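Residue strings, one per chain:
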2 protein chains.
Amino acid sequence: MLTGTQRKEEILAVSQRLFREQGYDSTSMRDIAGALGMEPASLYSHIKSKEDLLSQTCFDMAEKFLLAIDEVNDIYFDAEQKVKMAVANHVDILTSNLDAAVVFIREWRHLSEPSFSEFIKLRNKYEEGIREIVETGISENKFNEVDKKFAALTILSSVNWIVEWYRPDGDKTPKEIAEELTRFILTGLKKDSIL
Amino acid sequence: MLTGTQRKEEILAVSQRLFREQGYDSTSMRDIAGALGMEPASLYSHIKSKEDLLSQTCFDMAEKFLLAIDEVNDIYFDAEQKVKMAVANHVDILTSNLDAAVVFIREWRHLSEPSFSEFIKLRNKYEEGIREIVETGISENKFNEVDKKFAALTILSSVNWIVEWYRPDGDKTPKEIAEELTRFILTGLKKDSIL
DNA sequence: AAATTTGCCTAACGAATGTTCGTATGTTAA
DNA sequence: TTAACATACGAACATTCGTTAGGCAAATTT
C-alpha cells in the first residue's frame with residue numbers, strides 16, 4: 001500500500017492545479033477526487049493526508065530552486081553573469097512548473113509544524129544564495145552599495161510575480177522574460193545619461 | 001440594528017489581523033469572536049457576513065491606492081518625480097495599514113462575484129496608473145524603452161513585497177524604504193559606468 | 001415613566017470538512 | 001493454484017463551518 005508512483009503523480013498534479021486555482025484551504029479532498037473521477041476515500045490508498053500533497057509540492061520546488069542557485073554560485077562568473085543565470089534558472093523553474101510554483105509561492109503558509117519551519121529554512125537558504133550574488137557584485141565594485149537583504153528580497157519578489165501574469169501561450173517566451181527582467185534588475189528604468 | 005460604527009471598526013480590525021495571520025479561509029467567525037471576547041452570533045449584530053469583512057477591507061484599500069495614484073498623475077511632475085512620489089505613497093499606505101494591506105494583497109481571491117470582478121477592475125485601474133508613469137518617462141526620453149505593462153507589474157510586485165518583511169519596529173523607516181526602492185527601480189543594481 | 005433601540009446571549013441549523021473502516025476487484029509472484 | 005498486493009469502493013465518523021432565531025438586559029430616546 002501507499003506506493004503507486006504513477007497514480008500518485010496524477011493526484012499530485014491535480015492537487016497542484018486546484019490548490020493554485022482555489023487555494024489550499026478552499027480545495028477539498030472531494031474536489032481533488034472528483035477531478036480524477038474517483039471517490040475521496042480512494043485517494044488515501046496513495047497519499048497519507050491532504051497536507052502531504054502540499055508539503056510534497058513545496059519541498060520538491062524548494063529543492064529545484066536550491067539546486068539551481070548552488071549551481072550558479074559554484075561556477076565562477078562575474079556578478080552580472082550570475083544575476084543573469086540565476087534569473088534565467090528561476091524563470092525556467094517557474095514557467096515549467098506553473099501550478100506547483102504558485103503553490104510554492106502562495107500556499108506554504110498552510111504547512112503545519114515541523115514542515116513549516118523546515119520550509120522557511122530552505123526558503124532563507126535560497127534567499128541567501130541571491131544575497132551572495134549581490135555581495136559578489138558589490139565587492140567586485142560592479143554593483144552599487146545597497147542593502148543586500150533588501151536587494152535580494154526585491155529581486156525575488158519581482159521574479160516570483162511572473163506567475164501572476166505569465167501564460168504559456170502568451171507573447172513572451174520564458175527566455176525573453178528572463179532577459180527583460182535581468183535588464184530591469186541591473187539597470188532599472190532610467191536611461192543612461194552622462195551626468 | 002446593523003449600525004454601530006465603533007464596534008464594527010473593532011471587528012474589522014481584528015478580522016484583518018486574523019486574515020493576515022491565518023488567511024481568510026482558515027479564520028473562522030469563532031476565531032474573530034473569540035479575539036473580541038464575544039460570541040460568534042453577536043458579530044452578526046454588526047456585520048452582514050464573513051465575506052463582508054473581506055470585501056470591506058479590499059475595497060477600502062483599493063480606494064486609498066487609487067486616490068494616491070490619481071493625485072500623483074494629476075499634479076505635473078517629470079516622470080522620475082512621479083515614480084518617487086508614487087512609491088512613497090504606496091509604501092506609506094502599506095505600512096500604515098499593515099494588516100489590511102496584507103489582506104488586500106493576498107486574500108482578495110476569496111471574494112465571490114460580483115465583488116471579485118469589481119475588485120479586479122479597480123486593481124487594473126491602479127496598475128494602469130503606474131503604467132502611465134512609465135509611459136510619461138519613455139515619451140520624455142528619460143526612461144529606457146521597456147514593455148510598459150511588464151515594468152508596471154515588476155514595480156508593483158517589488159513594492160507590495162514590502163509587507164512580507166517590514167516590521168514597524170525594524171531598522172528602516174517607511175521613508176527610507178521608499179527611497180531605497182525608488183533608487184532600485186530607477187537605476188537598478190549596476191554601478192554607473194562610462195562605457 | 002414608557003417605548004424603543006442596541007448589543008449581546010444561548011441554542012441550534014444544515015452543510016461541508018478530512019479521514020477511517022471494512023470490503024471487493026483485479027493483477028502479479030511463488 | 002494460491003498468496004500477496006495494489007487500487008478502488010460505499011458508508012460513516014466526529015468536527016467544524018457560517019449563519020439564523022429568539023430572547024433578555026441595559027442604554028437611549030420620547
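Residues numbered from 1 in each chain as written. Chains lettered and ligands numbered in written order. Predicted model: local features only at pLDDT ≥ 70, side-chain atom pairs only at ≥ 80, totals over all residues. Heavy atoms only, no water.

## Regarding the environment of Met 85 of chain B
Residues and elements named next belong to chain B. Counted only if it meets this: Secondary structure counts use DSSP, requiring at least four H or I residues in a row for a helix and at least two E residues in a row for a strand, with both numbered from the N terminus. Contact criterion: two residues are considered in contact whenever any of their non-hydrogen atoms come within 4.5 Å of each other.
Among the structural elements, Met 85 can be located in helix H4 (residues 79-96). Placed 97 residues apart in sequence, Met 85 and Thr 182 show a C-alpha to C-alpha distance of 9.0 Å. Among residues more than four places away in sequence, those in contact with Met 85 are Glu 71, Val 72, Ile 75 and Phe 77.

## Concerning the relation of the copies chain A and chain B
Spelled out, the test is: Alignment of the copies relies on least squares applied to C-alpha atoms, considering only residues that score at least 70 for pLDDT in both.
Overlay of chain A on chain B (RMSD 0.0 Å): rotation 180°, translation along the axis 0.0 Å. Taken together, these values place the two copies in the relation of a two-fold axis. Taking C-alpha positions as reference, the residue of chain A nearest the rotation axis is Gly 188 of chain A, located at 2.1 Å. Here 98% of the interface residues in chain A have copies in chain B that are interface residues too; the copies meet face to matching face.

## Digging into the interface of chain A and chain B
Heads up, the condition is: What counts as buried area is the accessible surface, traced by a 1.4 Å probe, that two parts surrender upon association, with contributions from both included. Salt bridges, as used here, are contacts in which a Lys or Arg side-chain nitrogen is within 4 Å of a carboxyl oxygen on Asp or Glu. Polar contact criterion, stated in full: a pair of N or O atoms within 3.5 Å, where within protein one must be able to donate a hydrogen and the other to accept it, and residues adjacent in sequence count only if both atoms are side-chain atoms.
Taken together, the contact between chain A and chain B spans 40 residues of the former and 39 residues of the latter. The contact between chain A and chain B buries some 4100 Å² in all, and 58% of this surface belongs to carbon and sulfur atoms. Its largest share of buried area at the contact with chain B, chain A owes to Phe 150, Trp 161 and Leu 189 of chain A, together 20% of the area lost on that side. Between chain A and chain B we count four salt bridges in total. Its salt-bridge partner being Lys 172 of chain A, residue Asp 147 of chain B comes within 2.4 Å of it at the nearest N-O pair. At the surface where chain A touches chain B, the tally comes to eight residue pairs in polar contact (both at pLDDT 80 or more). Taken together, the elements giving at least two residues each to the side of chain A that touches chain B come down to helix H6 (115-139), helix H7 (148-160) and helix H8 (174-187) of chain A. Looking at the side of chain A that touches chain B element by element, the count peaks at eight residues for H8 of chain A.

## Overview of the packing of H4 of chain B against helix H9 (residues 174-187) of chain B
Residues and elements named next belong to chain B. As a reminder, the rule being used: Helix axes are fitted only over the stretch in contact, all axes being lines through C-alpha atoms; the angle between N-to-C directions runs from 0 to 180 degrees. By the definition adopted for this analysis, an angle is roughly parallel if under 35 degrees, roughly antiparallel if over 145, roughly perpendicular if from 65 to 115, and oblique otherwise. The sense of a crossing depends on the near helix, which, turned anticlockwise from the far helix by less than a right angle, makes the crossing left-handed and, turned clockwise, makes it right-handed.
Look at H4 against H9: their axes get within 9 Å of each other, and the N-to-C directions meet at 140°. Classed by the angle they form, the pair H4 and H9 counts as oblique. In the packing of H4 onto H9, the handedness of the crossing is right-handed. Between H4 and H9, the contacting residues are Glu 80, Val 83, Lys 84, Val 87, Ala 88, Val 91 and Thr 95 on the first element and Pro 174, Ile 177, Ala 178, Leu 181, Thr 182, Ile 185 and Leu 186 on the second.

## Here we look at the environment of Gln 6 of chain A
By the element assignment, Gln 6 of chain A lies in helix H1 (residues 5-22). Through-space distance from the C-alpha of Gln 6 of chain A to that of His 46 of chain A is 9.9 Å; in sequence the pair is 40 residues apart.

## Regarding the pattern of salt bridges
Rules: Each residue is placed in one exposure class: buried if its accessible area under a 1.4 Å probe, protein chains only, is under 20% of its type's maximum, exposed if it is over 50%, and partly exposed if it falls in between.
Taken as a whole and assessed by the stated rule, the structure comprises 22 salt bridges over all chains. One salt bridge connects Asp 52 of chain B with Lys 48 of chain B, and the closest N-O pair in it is separated by 4.0 Å. Here Lys 48 of chain B falls in the exposed class, since its relative accessible area comes to 62%. Glu 127 of chain B serves as the salt-bridge partner of Arg 131 of chain B, at 3.1 Å between the closest nitrogen and oxygen. Highlighted residues: Arg 131 of chain B and Glu 127 of chain B, both in helix H6 (residues 115-139), separated by four residues, approximately one helical turn. You can call Glu 127 of chain B buried: its relative accessible area is 9%. The structure contains a network of salt bridges with shared partners spanning Arg 106 and Glu 164 of chain A together with Arg 109 of chain B.

## Notes on the protein's contact with DNA strand C
Formally: For this description, a residue counts as near a given molecule or strand if any of its non-hydrogen atoms is within 4 Å of it. Under this grouping Gly is polar, as are all residues other than the nonpolar Ala, Val, Leu, Ile, Met, Phe, Trp, Tyr, Cys and Pro and the charged Asp, Glu, Lys and Arg.
The environment of DNA strand C is formed by 18 residues, the closest being Tyr 44 and Lys 50 of chain A together with Glu 39, Ser 42 and His 46 of chain B. Each atom of DNA strand C within 4 Å of the protein was assigned to sugar, phosphate or base; sugar and phosphate come to 54%. Counted by class, the surface near DNA strand C contains six nonpolar, seven polar and five charged residues.

## Some points on the domain arrangement of chain A
Residue and element names in this part refer to chain A. Heads up, the condition is: The domain boundaries here were taken from an automatic or database domain assignment.
You can read the domains of chain A as domain 1 (1-45) and domain 2 (49-187). Placing a centre on the C-alpha atoms of domain 1 and another on those of domain 2 gives a separation of 27 Å. Listed per partner, the contact involves 15 residues of domain 1 and 17 residues of domain 2. Between domain 1 and domain 2 lies a buried interface of about 1500 Å² when both sides are counted; carbon and sulfur atoms form 60% of it. Counting the surface domain 1 buries against domain 2, the share from its top three residues, Gln 16, Arg 20 and Tyr 24, is 49%. Summed over the shared surface of domain 1 and domain 2, the result is one salt bridge.

## Digging into the side chain of Thr 27 of chain A
All names here are of chain A. With respect to the element layout, Thr 27 can be found in the loop between H1 and helix H2 (29-36). You can call Thr 27 buried: its relative accessible area is 1%. There is a polar contact of 3.2 Å between the side chain of Thr 27 and the backbone oxygen of Leu 18. One polar contact links the side chain of Thr 27 to the main-chain carbonyl oxygen of Gly 23, over a distance of 2.7 Å.

## Examining the environment of Glu 145 of chain B
Its place among the elements puts Glu 145 of chain B in the loop between H6 and helix H7 (148-160). Sequence-distant contacts of Glu 145 of chain B, defined by excluding residues within four places in its chain, comprise Arg 183 of chain A together with Ile 138 of chain B.

## What about the packing of aromatic side chains?
The geometry of an aromatic ring pair is captured by the separation of the ring centres together with the interplanar angle, meaning the angle of the planes. Heads up, the rule is: The rule is short: rings of Phe, Tyr and Trp, with Trp giving its six-membered ring, pair when the centres are within 6.5 Å, and they are stacked under 30 degrees, edge-to-face over 60, tilted in between. Two thresholds decide whether a charge sits over a ring: the Lys NZ or Arg CZ must be within 6 Å of the ring centre and within 35 degrees of the ring normal.
Enumeration over the complete set of coordinates arrives at 16 aromatic pairs over all chains. On the numbers, 5.0 Å between centres and 70° between planes, the contact of Phe 19 of chain B with Tyr 24 of chain B is edge-to-face. Taken individually, Phe 19 of chain B and Tyr 24 of chain B each receive the classification buried, so the pair is uniform in this respect. Joined through ring pairs, the aromatic side chains of Phe 59, Phe 65, Phe 104, Trp 108, Phe 116, Phe 119 and Tyr 126 of chain A make up one cluster. The residue whose ring lies beneath Lys 50 of chain A is Tyr 24 of chain A, and the NZ or CZ to ring-centre distance is 4.4 Å.

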